[in-house]
Structure formats: structure tokens, C-alpha cells
Amino acid sequence: MDINSTVELNNGVRMPMLGLGVFRSPAGEITRSAVRTALEYGYRMIDTARIYCNEKSVGRGIQDAGVAREQVFVTTKLWKEDWANPRQGLEQSLERLGLDYVDLYLLHWPFHGYEQAYLALEELQKEGLCKAIGVSNFKEHHLESLKAAGATVVPQVNQVECHPQNSEEELLAYCRKHNIVMEAYSPLGGQGQSLVGDPRVTSLSAYLKVTPAQVLLRWNLQRGVVVIPKSVRPERIKENSQLFNFELSLDEMDAISSINANLRRAFDSDRIDQRPAATFPKIVEEE
Ligand code: NDP
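Residues numbered from 1 in each chain as written. Predicted model: local features only at pLDDT ≥ 70, side-chain atom pairs only at ≥ 80, totals over all residues. Heavy atoms only, no water.

Asker: Would you mind going over the side chain of aspartate 47 with me for this structure?
Answerer: With respect to the helices, strands and loops of the structure, aspartate 47 is situated in strand S4 (residues 45-47). Residue classification places aspartate 47 among the buried residues on the basis of a relative accessible area of 2%. Apart from residues lying up to four places away in sequence, aspartate 47 is in contact with Leu20, Gly21, Val22, Tyr52, Thr75, Lys77, Gln159, Glu183 and Ile228. (Helix = DSSP H or I, 4+ residues; strand = E, 2+ residues; numbered from the N terminus. Buried < 20%, exposed > 50% of the residue type's maximum accessible area, 1.4 Å probe, protein only. Contact = heavy atoms within 4.5 Å.)

Asker: What exactly am I supposed to notice about the sheet that holds strand S8 (residues 157-161) here?
Answerer: Strands belonging to one sheet form pairs held by backbone hydrogen bonds; the direction of such a pair is parallel or antiparallel. Here we have 8 strands laid out as an open sheet, ordered S3-S4-S5-S6-S7-S8-S9-S10, and parallel in their pairing. For this open sheet the edge positions go to strand S3 (20-21) and strand S10 (226-227), each flanked by a neighbour on one side alone. Here 3 bridges tie S4 to strand S5 (residues 73-78), and the two strands are oriented parallel to one another. Each bridged residue has a counterpart across the sheet, and for isoleucine 46 the counterpart in S5 is valine 74. Helix H4 (residues 114-126) contacts S5, strand S6 (102-107) and strand S7 (130-136) of the sheet and is inclined by roughly 165° relative to S7. (Pairing = 2+ DSSP bridges. Axes fitted to C-alpha atoms, helices over the stretch in contact; angles between N-to-C directions.)

Asker: Looking at this structure, how should I read the site of the ligand?
Answerer: Contacts to the ligand come from 29 residues, most closely from Asp47, Ser136, Leu188, Lys230 and Ser231. Phenylalanine 23 is positioned such that a nitrogen or oxygen atom in its backbone is 2.9 Å from an oxygen atom of the ligand. Within the complex, the protein chains bury 91% of what would otherwise be the 900 Å² of accessible surface of the ligand. Residue composition of the shell around the ligand, by class: 12 nonpolar, 11 polar and 6 charged. (Near = heavy atom within 4 Å. Polar contact = N/O pair within 3.5 Å; in protein donor to acceptor, adjacent residues only side chain to side chain. Areas by Shrake-Rupley, 256 points an atom, 1.4 Å probe, with all protein chains shown as cover. Nonpolar A, V, L, I, M, F, W, Y, C, P; charged D, E, K, R; others polar.)

Asker: Where do I start with the pattern of salt bridges in this structure?
Answerer: Evaluated as defined, the whole model comprises 18 salt bridges. Taking the shortest distance from any N to any O, the salt bridge between arginine 50 and glutamate 285 comes out at 2.7 Å. A residue pair is termed long-range when its members are at least 10 positions apart, and arginine 50 in the loop between S4 and helix H2 (55-65) and glutamate 285 in the segment after helix H10 (250-257) qualify at 235 residues. For arginine 50, a relative accessible area of 5% gives the class buried. Taking the shortest distance from any N to any O, the salt bridge between arginine 223 and glutamate 169 comes out at 3.1 Å. With arginine 223 in the loop between helix H8 (212-222) and S10 and glutamate 169 in helix H6 (residues 169-177), this residue pair connects regions lying 54 residues apart in the sequence. With a relative accessible area of 41%, glutamate 169 lands in the partly exposed category. What you see here is one network of salt bridges that share partners, running through Arg32, Arg36, Glu40 and Asp64. (Salt bridge = Lys/Arg side-chain N within 4 Å of Asp/Glu carboxyl O.)

Right, here's the structure in full:
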């Protein structure tokens, strides 16, 4: 495994194992420069979403870096307000990103009616507006119900909260069995609740002479789970990409896995329709 390692999705598209997340990266120079920095350090994937309100800045950062379009894997996500017209949702995301396709288009959350929204993604994929499609925050029963609703494409990716305190072993086994790649969001534990200070992680990182973040990310990579750590700081963006000059032994993998407490910090996707609208980020257009 190295920084150029990819995983093959069930439709043959190759997806990098490491990407930069940009949730809560402020629109403008901060995100633009984080994206450029990441690409300069060798990242080849950026994970954004309509609701992050920074797609324009992501697009500008990609342009600044001067990396060929086909060498960058760009993910964005369909937000609920665009479910009535997913094509328009994707076309507008593309316009903001300055691209004519995205590599991966995800259904952000399983709000009521998600099955129909997923069928619309299948159509967008057929037209080449997105090379791969997938879902996010889906549990096993959500994935199962897509089949029942007539989906003909098995989601290529399921992006879920995944770190040692919420290892999602069973969901990972299900995804492997059905040829769905699992992608870990909040792989460091999430913003404001990071696991980098956890003594079980820091003791191992000190022993291995790597950083706690590197242990957390490497643990997921060795399980075959794609990681998209977020940082806006160049030194951390670099640190989070230096994952390929060490390896966790089986015992070390088990030690980190034993931290699991099924502790999901994000909203429970089974109750997402009950989440008060005011608690979602407000959509603000970028300049
Ligand atoms: P992460 O687990 O990636 O943690 C990010 C936090 O850790 C930030 O506060 C960052 O601060 C800090 N950090 C980054 N690197 C280091 C380091 N080496 N040492 C110490 N601290 C560090 O959390 P996210 O929730 O942002 O998840 C990653 C990405 O996943 C998101 O950005 C987004 O793209 C995606 N996501 C998707 C969701 C979905 O519903 N599909 C939900 C949530 C996230 P700083 O920036 O200051 O360095």
C-alpha cells in the first residue's frame, strides 16, 4: 500500500484509499488552499458535499494544484432540498466545482423517500455525470431496501462514521459480502471529539514512533476501509498522508479494534427525518 493505492469499485472504477475531507472547512481561501496543499502532498481524492457550501472553493483548489482532471477523484453529495430534481442538484454542484463529471455522487442521508432518490442517481450515472454512485449513513436495512425498490446498481460505496470507537464491524462484513466499499467519515473521531488523545492510541503511537492520527488512519486502511481525514492545516494534511512507511501487526490491529464501543457520534440515520431542520447547516452560496 502507498499513497497511490486504490480500491476497485463494483463497476470497475478505481477509488483512492486516502482523501481529504472538507466538512466545516470554510469556503474561500482556507478550503481552496487545503485542497491545493493536499494535492501537492499526493492526495488524489477530495470529499465535499452540497451542504458543506464549499464546492466552488474545492474546484478552485483543484485548478490551482494543476493536477490532471482524470487523476483527481472528486466526491460530492446530493442534499435533500434537491431530491425533487436530482439532475439539477448534480448539475449545479458540477457548475460550482467547475467540472463536467464527479467521480462519486452520494445520497447524503437516508431521509424518507431515499429509495426513489437513489434510483435517480442510477440515471445520472448512466449519463456519465457521475462515474460511481453510492450512499452515506446507510445501515444494512437501508441498503437492503434499495433492492426491494428496484435498484439495479449495487451502491459502489457506503460512507459512514467509522473510527475505533465505532468500528462498524458488522456493516463492514455486509459491505464486503455485497461488494460495496466502505468509506470512513470522521476517521479521527470527528471534529471536536477526536480520538488522537485517547491513551490506548497514544501509547501505541509512541511505541511505533508515529502520531496518534496515523495509527487511527492506518487501522482503517488495513481493514480495507477508505479514509477521508479533514484538516485545514498544512502540517496535519501532510501528517495524515504519511501512512505508508509502517504497518500495524495483527495484535496491534486487535488492540485498536478493542476500543470499539459502538459509539456513533453523528445523528442516528434511523431518526434523521426527526432531526430539527434548524440543526442542519444553513446553505450559504459562495462568492
Ligand atoms: P475527522 O475525524 O477527519 O477529524 C477532523 C478534526 O481533526 C478536525 O477538527 C481537524 O482539525 C482535526 N485533525 C485533523 N488532522 C489531525 C491530526 N493529524 N492531529 C490532530 N487533529 C487533527 O472528522 P470529520 O467529521 O471532518 O470527517 C472527515 C470528513 O468526512 C469530513 O470532512 C467530510 O468530508 C466527511 N464527513 C461526511 C459525513 C457524512 O454524513 N457523509 C459526516 C461527517 C464527515 P484541523 O482542521 O484544525 O486540523
